[in-house]
Amino acid sequence: MDDLLEILNDIDDSIDYENEEHLIDDHLLTSFAIISLVGELEDNFDITIEASEMTNENFNSVEAIWDMVQRLQEEA
């Protein structure tokens, strides 16, 4: 998960990712940040994030993002 936090902090280091649970719902991540994040996740974790995975539930918190990454790695 440290790799994920590093990616998120590279995108926007003003957010307390470890405690925030509403990254999407509270509009803390911009559309550009989300697109950047998806690209970084795909590259760093060797996964493909389909449009169907692009839900608030999968991106609202570090834990949700990490769970999605792990699930996609297992499915690959």
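All of these numbers come straight from a predicted model, not from anything done at the bench. (Residues numbered from 1 in each chain as written. Predicted model: local features only at pLDDT ≥ 70, side-chain atom pairs only at ≥ 80, totals over all residues. Heavy atoms only, no water.)

### Some points on helix α2 (residues 31-45)
Rules: What counts as a helix is a DSSP run of H or I of at least four residues, what counts as a strand is a run of E of at least two, and both are numbered from the N terminus. Multiply 1.5 Å by the residue count of a helix minus one, and that product is the helix's expected span. Whether a residue is buried, partly exposed or exposed follows from its accessible area with a 1.4 Å probe, protein chains only, as a fraction of its type maximum: under 20%, in between, or over 50%, in that order. What the arc describes is the spread of directions from the helix axis to the C-beta atoms.
Relative to the 21 Å expected for 15 residues at 1.5 Å per residue, α2 spans 21 Å between its end C-alpha atoms, a close match to the ideal helical length. Residues A33, I34, L37, V38, L41 and F45 constitute the buried set of α2. Down the axis of α2, the sector holding all buried residues measures 140 degrees, keeping them to one side. Of the residues in α2, the exposed ones pointing more than 90 degrees away from the buried face are F32, I35 and D43.

### Here we look at the side chain of N60
Stated formally: In protein, a polar contact means a hydrogen-donor-capable atom and an acceptor-capable atom, both N or O and within 3.5 Å, with residues adjacent in sequence counting only if both atoms are side-chain atoms; elsewhere, any N or O pair within 3.5 Å suffices. For this analysis, residues touch if any pair of their heavy atoms sits within 4.5 Å.
Tracing the backbone shows N60 in the loop between α3 (56-59) and α4 (62-75). For N60, a relative accessible area of 10% gives the class buried. A polar atom in the side chain of N60 sits 2.9 Å from the backbone nitrogen of I24. A distance of 2.9 Å separates polar atoms of two side chains, one belonging to N60 and the other to D25. Once residues within four sequence positions are removed from consideration, N60 is found in contact with E20, E21, H22, L23, I24 and D25.

### Considering the pattern of salt bridges
Using the following cut-off: By definition, a salt bridge exists where a carboxyl oxygen of Asp or Glu is found within 4 Å of a side-chain nitrogen of Lys or Arg.
A full pass over the atoms with the stated rule returns two salt bridges. A salt bridge links R71 to E53; the nearest nitrogen and oxygen atoms lie 2.8 Å apart. One end of the pair, R71, is in helix α4; the other, E53, is in the loop between α2 and α3, with 18 residues separating them in the sequence. With relative accessibility at 30%, the residue R71 sits in the partly exposed group. Since its relative accessible area comes to 13%, E53 is described here as buried. One salt bridge connects E75 with R71, and the closest N-O pair in it is separated by 3.7 Å. Of this pair, E75 and R71 both sit in helix α4, separated by four residues, roughly a single helical turn.

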